[in-house]
Amino acid sequence: IDFGNSNCVVAIPKGNGVDVVLNQSSNRLTPTMVMYSNERRYAGELASQNQMQFPQNTISDLKKLIQLPYDSDERVELSRSNPFQNFVKLEDGSVGIKIMYQNKDLILRPEQCIAYLLKDLRSFPEVDKMESFVITVNPWWSESQRRSILNACKIAKIQCSCLLNTSTAASIAYILQHRQRLPAPNQRSVNVAFVDIGGSAMTVAIAEVKQQSVQMKAITYNEKVNGSKLTELFENYLLKKVKEKYKVDPSESPRAMLRFRQAVEKAKKILSVNPAYQFEVHSIMNVDIMF
C-alpha cells in the first residue's frame, strides 16, 4: 500500500513485476479521504464522490495530520487551506478532527480515520484475501509517526509486515523495471538519484543499486515543495482571475469551493501534458466560469 497524502495505490507483486490493483470504480488512484454523513461513513472513492453533501465532515490530508502538533505553523497552514475541517487540540497536544455525526459532536484521531481507509483498501478485488501488507511511509518520519500507522493497522485488524520508506520503495521499483540496464549482482553498484514530488513533500534520495540489491546512501526532503502547494498556488491564481472577471468569490461557499477545487485539480493534471487548457466551471454561485 502506497499511502500518499492525496491518493493511495494498492499493488500486488506478481511474476517479475508489480500489478496495481483497481479499486471499486476501476481507478488506480484512491483518494486519501474519509467522509461522515448523518448515518454512515465513507472512505476513498465513495468519500470523494459524496463530499459535496457534507464538506465539514470530510477529512483529507490524513498523511499530514499524523502526530501533527496543534500549536504549529503546519497546522495553521492546513487550517487556512482546508477551512472546512474543524481541527481541535487533543490531550497529547496533537491535532484531532471535530465532526458532526448522528447529530452529536465527535472528535476523531487521524489514526481512526486512517484505519477505516485501510479497511476500505483491503476490500478491493484481489486484495481481500491477502494476509499481510507493506505500507510506505516518509523516510524522515519519527518513531511516533510510524507507530501511528501501526496503531491504525491494529484498529483495522490488518497485519502490517513492514513499514517501507518511500525512497526505498522507489529504488526497488526502479530495479524491477530496469533490471537489464543495471550491473549484475557480482558487479559494482551504480549511483542513482530518485526525485519524488508527492502531495506532502519533495524527496531526493541517492542510492547504490544493482540487480537484486539497493543501498540508500543519502536523503533530503522539503515539505514546502509538494503537489498540494503547487495546487494551492494555481488555485489562488485562478481565484484571483475569477474575482476580477466575474466579481464572485467561490471561497465564500464550502460547496462552491469544493467544485472549484475539483476543477483546479483537473486543469492542473491536463496542463501537465498539454500546453493549453480552457478552464470551465458551470453554474457556480449562479455564474458560468470560463477563460
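See the structure printed just above.
Rules of the game
Residues numbered from 1 in each chain as written. Predicted model: local features only at pLDDT ≥ 70, side-chain atom pairs only at ≥ 80, totals over all residues. Heavy atoms only, no water. Helix = DSSP H or I, 4+ residues; strand = E, 2+ residues; numbered from the N terminus. Rg over C-alpha atoms; globule rule 2.2 N^0.38 Å. Buried < 20%, exposed > 50% of the residue type's maximum accessible area, 1.4 Å probe, protein only. Areas by Shrake-Rupley, 256 points an atom, 1.4 Å probe, with all protein chains shown as cover. Lys, Arg positive; Asp, Glu negative; His and termini not counted. Charge placed at Lys NZ, Arg CZ, Asp CG, Glu CD. Salt bridge = Lys/Arg side-chain N within 4 Å of Asp/Glu carboxyl O. Polar contact = N/O pair within 3.5 Å; in protein donor to acceptor, adjacent residues only side chain to side chain. Contact = heavy atoms within 4.5 Å. Pairing = 2+ DSSP bridges. Axes fitted to C-alpha atoms, helices over the stretch in contact; angles between N-to-C directions. Expected span 1.5 Å × (residues − 1). Patch = residues over 30% accessible without salt bridge, like charges linked within 9 Å, V, L, I, M, F, W, Y side chains within 5 Å.

**Quick word on the overall build of the protein chain**
Tallying secondary structure elements over the protein chain gives eight helices and 18 strands in all. Here the C-alpha radius of gyration of the protein chain, 21 Å, is about what a compact globule of 291 residues would show, namely 19 Å. Counting only C-alpha atoms, the protein chain reaches 65 × 45 × 40 Å along its principal axes. When each of the 291 residues of the protein chain is scored for burial, the buried share is 43%. With the model as given, the accessible surface of the protein chain reaches about 16,000 Å², and the carbon-plus-sulfur share is 49%. If you average the places of the 37 positive and of the 29 negative side-chain charges in the protein chain, the two averages end up 3 Å apart.

**Structural notes on the side chain of arginine 75**
In this fold, arginine 75 is placed in helix α3 (residues 73-81). Buried and without a salt bridge, arginine 75 has aspartate 71 as its closest oppositely charged side chain, separated by 5.2 Å. Looking at arginine 75, its side chain comes within polar contact range of the main-chain oxygen of tyrosine 70, at 2.9 Å. With sequence-adjacent residues up to four places away left out, arginine 75 is seen in contact with Leu68, Pro69, Tyr70, Phe87 and Val95.

**Observations regarding the sheet that holds strand β5 (residues 30-31)**
Ordered by their spatial adjacency, three strands build an open sheet running β1-β2-β5, and the pairing between neighbours is antiparallel. In this open sheet, the two edge strands, each paired with only one partner strand, are β1 (2-3) and β5. For β1 and strand β2 (residues 7-9), the ladder comprises two bridges, and the chain directions are antiparallel. Residue pairing in the sheet places phenylalanine 3 in a bridge with cysteine 8 of β2.

**Some thoughts on the sheet that holds strand β7 (residues 41-43)**
Here we have three strands laid out as an open sheet, ordered β7-β6-β8, and antiparallel in their pairing. Looking at which strands have only one partner, the edges of the open sheet turn out to be β7 and β8 (58-59). As paired strands, strand β6 (residues 34-36) and β7 are joined by three bridges and run antiparallel to one another. Looking at the pairing, valine 34 lines up with alanine 43 of β7. Of the strands in this sheet, β6, β7 and β8 are in contact with helix α4 (residues 110-122), which crosses β7 at around 65°.

**Examining the environment of glutamine 145**
In this structure, glutamine 145 sits in helix α5 (residues 143-156). Taking the C-alpha atoms as reference points, glutamine 145 and alanine 170, 25 residues apart in sequence, are found 21 Å from one another. If near-sequence neighbours (up to four positions away) are discounted, glutamine 145 is found in contact with Ile66 and Gln67.

**Let's talk about helix α6 (residues 166-177)**
The terminal C-alpha atoms of α6 lie 16 Å apart, and with twelve residues this matches the ideal 16 Å at 1.5 Å per residue to within 8%. Where α6 is concerned, the buried positions are Thr166, Ser167, Thr168, Ser171 and Ile175. The secondary structure elements touched by the buried residues of α6 are β12 (133-137), β13 (160-165), β14 (190-197), β15 (202-210) and β16 (213-222).

**Brief notes about the pattern of salt bridges**
Oppositely charged side chains are able to pair whenever their charged atoms sit close together. Considering all chains together, one arrives at eleven salt bridges under this definition. A salt bridge links arginine 147 to glutamate 143; the nearest nitrogen and oxygen atoms lie 3.1 Å apart. Here arginine 147 pairs with glutamate 143, and both are found in helix α5, just four residues apart, close to one helical turn. Its relative accessible area of 47% is what places arginine 147 among the partly exposed residues.

**Describing a nonpolar patch on the surface**
On the surface, a nonpolar cluster with roughly 390 Å² of combined accessible area is contributed by Val195, Ile197, Leu230 and Leu233. For the nonpolar patch, the elements supplying multiple residues, two or more each, are β14 and α7 (227-246). The residue valine 195 is located in strand β14 in this model. Given the relative accessible area of 57%, valine 195 is considered exposed.

**Quick look at the side chain of threonine 136**
One can find threonine 136 in strand β12. A distance of 2.9 Å separates a polar atom in the side chain of threonine 136 from a polar atom in the side chain of aspartate 2. One polar contact links the side chain of threonine 136 to the main-chain amide nitrogen of phenylalanine 3, over a distance of 3.2 Å.

**Observations regarding the environment of leucine 78**
Mapped onto the fold, leucine 78 is located in helix α3. In sequence terms leucine 78 and proline 110 are 32 residues apart; their C-alpha atoms lie 14 Å from each other. When sequence neighbours within four positions are dropped, the list of residues in contact with leucine 78 reads Asp61, Lys64, Leu65, Leu68 and Phe87.

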